[in-house]
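# Results of the structural survey
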Amino acid sequence: MNSVIISKAGGPEVLEYKELKLEDPKADEVTIKNHAIGLNYIDTYHRSGLYPLTLPSPIGLEGAGEITKVGSDIKNFKVGDKVAYCAAPLGAYSTHRNYPTKNLVKVPDSVDLETAATLMTKGITTFYLLHKTYPVKSGEDILFHAAAGGVGQIFGQWAKSLGCNVIGTVGSDEKIENAKQNGYDHVINYNKDNFAEKVKEITEGKGLSVVYDGVGKNTFDGSIECLKLRGMLVSFGNASGPLDPVNVAKSIQPKGLYLTRPSIMQYTTTREELDEAANKVFEMASSGKVKVKISKKYSLKDIAQAHKDLESRVLTGPAVILP
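Residues numbered from 1 in each chain as written. Predicted model: local features only at pLDDT ≥ 70, side-chain atom pairs only at ≥ 80, totals over all residues. Heavy atoms only, no water.

## Overview of the packing of aromatic side chains
For the structure shown, the criterion picks out eight aromatic pairs. Seen from their ring centres, F127 and W158 are 6.5 Å apart, and the 50° between their planes marks the pair as tilted. Placement of the pair is F127 in helix α2 (residues 113-133) and W158 in helix α3 (residues 150-161), with a sequence separation of 31 residues. Judged on exposure class, the residue F127 and its partner W158 are both buried. When the centroid spacing of 4.7 Å and the interplanar angle of 5° are considered together, the rings of Y128 and Y267 count as stacked. In this pair, Y128 is assigned in helix α2 and Y267 in helix α8 (residues 264-267), connecting sequence segments 139 residues apart. Y128 gets classed as buried once you look at its relative accessible area, which sits at 2%. Aromatic rings pair up to connect F144, F155, Y212 and F236 into one cluster. (Phe/Tyr/Trp six-rings, centres within 6.5 Å; stacked < 30°, edge-to-face > 60°. Helix = DSSP H or I, 4+ residues; strand = E, 2+ residues; numbered from the N terminus. Buried < 20%, exposed > 50% of the residue type's maximum accessible area, 1.4 Å probe, protein only.)

Take a look at the structure:
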């Protein structure tokens with residue numbers, strides 16, 4: 001097998017492409033030949049040390065492929081099954097790998113493996129944000145930061161299908177049309193306009209019940225300002241850096257706000273939860289309510305360039321890595 005390993009935390013240059021020996025799967029594992037690998041912002045957090053790892057370490061959380069070997073205790077999966085995953089253990093940046101079936105799902109024939117590899121993390125994130133963390137209602141005004149990004153494109157389409165009035169922010173004028181094509185009713189360039197003021201205009205001063213914020217540090221204060229009494233800020237990413245310590249008396253108490261920091265693993269704690277989320281994601285893709293437009297494909301050998309492009313925000317949608 002070939003795999004990407006990091007021996008120290010740092011920039012894209014620490015990503016090492018290596019040939020390794022692949023052992024037989026353990027009793028509760030299967031061997032997967034990866035056909036496609038997801039590229040996600042959390043990968044850069046692992047690489048940089050923001051989310052510390054025990055080093056040296058493989059990297060990558062999301063992939064899709066075909067089972068080539070099964071462990072002795074495996075009953076619900078077989079050789080030849082199309083499968084996908086988006087959870088620990090790390091190691092998706094590889095041509096082949098062993099993976100425990102407790103975090104594995106089967107991919108229906110209606111969804112191709114490249115789409116599955118880009119949908120697992122982004123799609124399940126969208127599912128829990130809209131249906132679990134803050135279940136939205138038809139006709140509700142909601143705000144999503146980074147509307148033109150990988151999650152943002154899926155989120156906009158999904159939220160629109162639920163009848164929401166979807167407001168999105170982007171970092172440049174060039175990304176406005178992209179966001180509008182993915183379901184956003186209003187798009188604000190937060191580097192040019194005060195998005196909190198724009199939201200007040202759009203909502204006629206009422207504010208929002210919920211803001212979904214994957215940007216982090218740079219948008220926190222404005223997101224708080226957008227919320228109405230007892231509103232919820234869902235902080236689920238750090239694209240601009242992690243949040244500073246929150247002054248509860250200043251930011252939360254005046255309007256009795258809720259602040260939550262969710263992640264996929266908190267909403268896929270059981271086989272039932274994982275299957276519910278994955279099945280809904282695949283249903284949305286199969287029905288055409290969510291269309292995935294892969295913006296770029298990278299060779300696994302070019303993973304450093306993929307990370308550079310992701311962090312510089314030049315990608316115009318989900319990207320995929322091909323082993």
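More follows now that the structure is in view.
## Observations regarding the sheet that holds strand β9 (residues 141-144)
If you trace the six strands from one edge of the open sheet to the other, you get β11-β10-β9-β12-β13-β14, paired in parallel fashion. Edge positions in the open sheet fall to β11 (186-189) and β14 (258-260), since each of these has one partner strand only. With strand direction ignored, the average angle separating the axes of adjacent strands in the sheet is 15°. In this sheet, strand β12 (residues 208-213) lies alongside β9 in parallel orientation, the contact comprising two bridges. Considered in β12, the bridge of F144 is made with Y212. The strands touched by α2 are β9, β12, β13 (227-235) and β14; relative to β13, the strand with the most contacts, the crossing angle is about 150°. (Pairing = 2+ DSSP bridges. Axes fitted to C-alpha atoms, helices over the stretch in contact; angles between N-to-C directions. Contact = heavy atoms within 4.5 Å.)

## Brief notes about the pattern of salt bridges
Under the counting rule described, the total for this entry stands at 16 salt bridges. Note that E16 is salt-bridged to K18, the shortest N-O span being 3.8 Å. Notably, a salt bridge pairs R271 with D275, separated by 2.9 Å at the nearest N-O pair. Here the residue R271 and the residue D275 both occupy positions in helix α9 (residues 271-287), the gap between them amounting to four residues, near one helical turn. On the basis of relative accessibility, which here comes to 28%, the residue R271 falls in the partly exposed class. Residue D275 is classed as partly exposed on the basis of its relative accessible area of 28%. Via salt bridges that share partners, K78, D81 and K106 belong to a single interconnected network. (Salt bridge = Lys/Arg side-chain N within 4 Å of Asp/Glu carboxyl O.)

Read these as spatial facts, not as claims about activity.
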